[in-house]
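Remarks on the overall topology
If you want the building blocks of each chain, they are given just below.
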2 protein chains.
Amino acid sequence: MRLFVVLAEELHFGNAAQRMFISQPAFSRQIRALERCLGVDLVARSSRRVELTPAGQALLPEARTAVESVDRIRHVAQAQIRCVQGRLAIGSIGAEAQQPYTRAILAELRARNPDLKLDVCSLDIAHHVLALTQGEVDVAFLLSPMPPGIETLTLATGPRVACLPADDPLADRTSVTLAELAGRPVVDVPPECPRSWWNFWAVDPRPDGTTVRYGPVVHDVEALFLAVAHGEAMAFLPGAAQTFFPRPGVHYVEVSDAPPATAALAWMAKNRTLPTINAIRRAASAVLQRTSASGPGG
Amino acid sequence: MRLFVVLAEELHFGNAAQRMFISQPAFSRQIRALERCLGVDLVARSSRRVELTPAGQALLPEARTAVESVDRIRHVAQAQIRCVQGRLAIGSIGAEAQQPYTRAILAELRARNPDLKLDVCSLDIAHHVLALTQGEVDVAFLLSPMPPGIETLTLATGPRVACLPADDPLADRTSVTLAELAGRPVVDVPPECPRSWWNFWAVDPRPDGTTVRYGPVVHDVEALFLAVAHGEAMAFLPGAAQTFFPRPGVHYVEVSDAPPATAALAWMAKNRTLPTINAIRRAASAVLQRTSASGPGG
DNA sequence: CAGCGTTACGGTCTACGTAAAAATA
DNA sequence: TATTTTTACGTAGACCGTAACGCTG
């Protein structure tokens, strides 16, 4: 079942078997067993070409959702284990983990709950929402907007910068407008990433109504920087990227008229009542109140 | 996994094992293996009481969806087999299979496609929508309204009747109003049946804004008639029930002011293009055109 | 011939059922 | 003490990996 999904991606028994860490004959037998079990041929194989039959194509999305749901079971089980162990899995996208507010919240959380174990991990562009929805992490420091089912607490708001190749005519400006960037392709993200989220980050559609042309798909920020440095496309990032991600061949220019970006602490709405999640929510609220109180005063 | 779902329903190892057609020790071992595999205890068992742990409760819905999606795989595979074999699985709820338009459509379909094999089965109240969405049947003769994702072709529209216990003061009337029926509990349906569908059939909320009180849950029409005959609740049915379901202790009375009911041929929107489904759609359209053409003329 | 999928074979691991034991109210 | 879950044990089937085979371009 999972093997079938992998085979559909690879269209090659040897490679697929390797990905699943079993020998190729074993893989072949499993697929054949699945076909016998279901009563339909799923893949048409000649020893030179492997392709899905119509039945295989029809079954592929169903198989995918089935595999996803058993993955979800594992993740939810892990979340339950963490819950009884007093553990909290925290994810963070890009440079959010290094931001002052994030560090302050984690410090506050540790101070308030000395027995709470924190598992912090970084999330890449492709999977940050999946990590939350599938329960791989309990909470995450992310960038809005989040899709329905995810609740957020706004942590900070700031300008966005354009991420341009060094040889772009605009690369050395101190500020640009969306109109000046019109026509430049924007790095794309894989389909498992919610479209609405990336549309916001690509400013698609633009204020003038035009839609964005997309460049190569990247799965993480380093791939994004490589794509930009190669001149294949541009990207929009939160202003903090400027200081946290200096990269050769990549210049940052503030975009004066893009809607501001919002950093947020996010969690699944259905998990709102979990004690560990409540703990970090309270810690975050405390830090925000303290900051806003001291801000005008200092 | 599936065993866990069954155990959660039965809360009894022996009964659950029997439902799964394996011995009780084997069942017990499987559950324990699942717990070891996930790393969490799912059920708290004393030899007198079996109950779900919090982790088990959290995992139960996920396990359910996982089981459902593998069931869907089997059903979609069956649909594919039918497709290559030139078979069409047709479902029908209540008396729809016996209605003249249904019989005419099936006759037309057989006449146009002599090689097409038809598998007709009846669907009960609880599962008629699931049978479509999970691919157990390709098309179905149902009663509107259908939830999104299901397309319909309207076949007939007619008044609704109240289904009342024989000793109800209104049971021998020729016509009643919703206002006269106010306060009477209505038979309920299990949760796997879309709420919007049953709300329509229970006329909930009523035109005056009041909500309906529900009686016992029934899974099929015969259970519905028993509940009504016992005086536990009333029900609303299409007028045709009057002639097709004479039952002791059950009287039918036309409801003068209930919105009319619509019988329809239904299929999954995503399957619209399948040749077998197209065939029955065309047959149905032809029958409808012929009927409407001859109607005014005769 | 070279690459790739399939079949053959020997060994291990899982999972069943029956029967006996342990645990709880 | 009675009901229900768990452990013990012997067997049948599933699955893996290595190696040999067959097919296609």
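All values reported here derive from a predicted model rather than from experimental measurement.

Notes on the relation of the copies chain B and chain A
It takes a turn of 180° to lay chain B on chain A, together with a shift of 0.1 Å along the axis; the resulting RMSD is 0.1 Å. Here the transformation between the copies is reduced to the relation of a two-fold axis. Among all residues of chain B, the minimum C-alpha distance to the rotation axis is found for Ala66 of chain B, at 2.9 Å. Both copies present the same face, since 100% of the interface residues in chain B are matched by interface residues at the equivalent positions in chain A.

Here we look at the protein's contact with DNA strand D
Surrounding DNA strand D, one finds 20 residues, the nearest of these being Ser23 and Gln30 of chain A together with Gln24, Ser28 and Arg45 of chain B. When atoms of DNA strand D within 4 Å of the protein are split into backbone and base, the sugar-phosphate part holds 57%. A distance of 3.3 Å is found between a base oxygen of DNA strand D and a side-chain nitrogen or oxygen belonging to Arg48 of chain A. Side-chain polar atom of Arg29 of chain B to a base nitrogen of DNA strand D: 3.2 Å apart, as the coordinates give it. Looking at the surface near DNA strand D, the elements with two or more residues in it are helix H3 (24-38) of chain A together with helix H2 (13-19) and helix H3 (24-38) of chain B. Top element by residues in the surface near DNA strand D is H3 of chain B. It accounts for five residues. Of the residues in the surface near DNA strand D, the class split is six nonpolar, eight polar and six charged.

Points about helix H4 (residues 54-85) of chain A
Residue and element names in this part refer to chain A. Between the first and last C-alpha of H4 there are 47 Å, a value that for 32 residues agrees with the 46 Å anticipated at 1.5 Å per step. Of all the bends found along H4, the most pronounced is centred on Leu60 and spans about 35°, while Pro61, a proline, follows it within four residues. Among the residues trailing H4, Gly86 stands out with phi positive, at a value near 65°.

What about the interface of chain B and chain A?
Chain B puts 24 residues into the contact, and the matching count from chain A is 24 residues. Roughly 1,900 Å² is buried in total at the junction of chain B and chain A, and carbon and sulfur atoms are behind 69% of that figure. Connecting chain B to chain A are four salt bridges. One can count five residue pairs in polar contact (both at pLDDT 80 or more) joining chain B with chain A. Mapped by element, the contributors of at least two residues to the side of chain B that touches chain A are H3 and helix H4 (54-85) of chain B.

Quick notes on the protein's contact with DNA strand C
If you check the shell around DNA strand C, you find 20 residues, and the closest are Gln24, Ser28 and Arg45 of chain A together with Ser23 and Gln30 of chain B. When the atoms of DNA strand C within 4 Å of the protein are grouped by moiety, sugar and phosphate amount to 58% of the total. A distance of 2.9 Å is found between a phosphate oxygen of DNA strand C and a side-chain nitrogen or oxygen belonging to Arg32 of chain A. At a separation of 2.3 Å, a phosphate oxygen of DNA strand C approaches a polar side-chain atom of Gln30 of chain B. Every element with two or more residues in the surface near DNA strand C is listed here: helix H2 (13-19) and H3 of chain A together with H3 of chain B. Take the surface near DNA strand C: its biggest share by element is five residues, from H3 of chain A.

Side note on the side chain of Arg82 of chain A
All names here are of chain A. Here Arg82 is to be found in helix H4. Polar contacts involving the side chain of Arg82 include one to the side chain of Asp138, which spans 2.8 Å. For Arg82, the contacting residues outside a window of four places in its chain are Arg87, Leu88, Ala89, Asp119, Gly135, Glu136, Val137 and Asp138.

What about the UniProt feature "domain: HTH lysR-type" (unreviewed entry) in chain A?
Mapped onto this numbering, the UniProt entry annotates "domain: HTH lysR-type" (unreviewed entry) at residues 1-53 of chain A. The distance separating the terminal C-alpha atoms of residues 1-53 of chain A is 16 Å; by composition the span is 58% helix and 11% strand.

Observations concerning the pairing of strand S13 (residues 261-268) of chain A
On a regular strand, one side chain projects to one face of the sheet and the next to the other, so that they alternate. Residue and element names in this part refer to chain A. Here S13 lies mainly inside the structure; eight of its eight residues are buried. The alternating pattern of S13 places Ala261, Ala263, Leu265 and Trp267 and Thr262, Ala264, Ala266 and Met268 on opposite faces, both of which are buried. Relative to S13, strand S6 (residues 150-158) runs antiparallel, the two sharing eight bridges. Looking across to S13, one finds that Thr152 is bridged to Ala266.

Here's the deal with the packing of helix H1 (residues 2-10) of chain A against H4 of chain A
For any two helices packed against each other, one specifies the crossing angle of their axes together with the interaxial distance. Residue and element names in this part refer to chain A. Between H1 and H4, whose axes approach to 9 Å, the crossing angle comes to 125°. The angle between the axes of H1 and H4 places the two elements in the oblique class. Crossing angle aside, the handedness with which H1 passes H4 is left-handed. Contacts from Arg2, Phe4, Val5, Ala8 and Glu9 in H1 reach Gly56, Leu59, Leu60, Ala63, Arg64, Val67, Val70 and Asp71 in H4. In terms of residue class, the contact of H1 with H4 is built from eight nonpolar, one polar and four charged.

Looking at the domain arrangement of chain A
With domains assigned, chain A is organised as domain 1 (2-76), domain 2 (86-156 + 262-294) and domain 3 (160-259). Each of domain 1 of chain A and domain 3 of chain A was reduced to a C-alpha centroid, and the two centroids are 37 Å apart.

Reading guide: rules and limits
Throughout, a residue's number is its position along its own chain's written sequence, starting from 1. Labels are handed out in written order, letters beginning with A for the chains and numbers beginning with 1 for the ligands. Only residues with pLDDT of 70 or above have their local features reported here, since the model is predicted, and side-chain atom pairs are shown and tallied only from 80 upward, although totals for entire chains, interfaces and linings are computed over all residues. Values reported for side chains reflect all heavy atoms of the structure, with hydrogen atoms and water molecules removed beforehand. Copies are brought into register by a least-squares superposition over C-alpha atoms of residues with pLDDT of at least 70 in both. Whether two residues are in contact is decided by their heavy atoms: any pair within 4.5 Å suffices. A single heavy atom is enough: if one lies within 4 Å of a molecule or strand, its residue is considered near that molecule or strand. Within 3.5 Å is the distance limit for a polar contact, defined as a pair of N or O atoms, with the added protein rule that one can donate a hydrogen and the other accept it, and that residues adjacent in sequence qualify only through two side-chain atoms. Put simply, DSSP marks the helices as runs of H or I at least four residues long and the strands as runs of E at least two long, and each gets a number from the N terminus on. Think of it as three bins: nonpolar holds Ala, Val, Leu, Ile, Met, Phe, Trp, Tyr, Cys and Pro, charged holds Asp, Glu, Lys and Arg, and polar takes everything else, Gly as well. Any helix carries an expected span of 1.5 Å times its number of residues minus one. In this analysis the local bend is the angle between axes fitted, respectively, to the seven residues ending at and the seven residues starting at the residue. By definition, the buried area sums, over both parts, the 1.4 Å-probe accessible area that each loses when the two are put together. The term salt bridge refers to a side-chain nitrogen of Lys or Arg lying within 4 Å of a carboxyl oxygen of Asp or Glu. UniProt positions are given in the numbering used here, feature names are shortened, and annotations may be inferred rather than shown by experiment. Residue exposure (1.4 Å probe, protein chains only): buried if accessible area is under 20% of the type maximum, exposed if over 50%, otherwise partly exposed. The pairing criterion is simple: DSSP has to find at least two bridges between the two strands. A fitted line through C-alpha atoms represents every axis, and for helices the fit uses only the stretch in contact; the resulting angles, taken between N-to-C directions, go from 0 to 180 degrees. Working rule for angles: under 35 degrees goes down as roughly parallel, over 145 as roughly antiparallel, 65 to 115 as roughly perpendicular, anything else as oblique. By the definition used in this description, the sense in which the near helix is turned from the far one sets the handedness, with an anticlockwise turn below a right angle giving left-handed and a clockwise turn giving right-handed. The domain boundaries here were taken from an automatic or database domain assignment.

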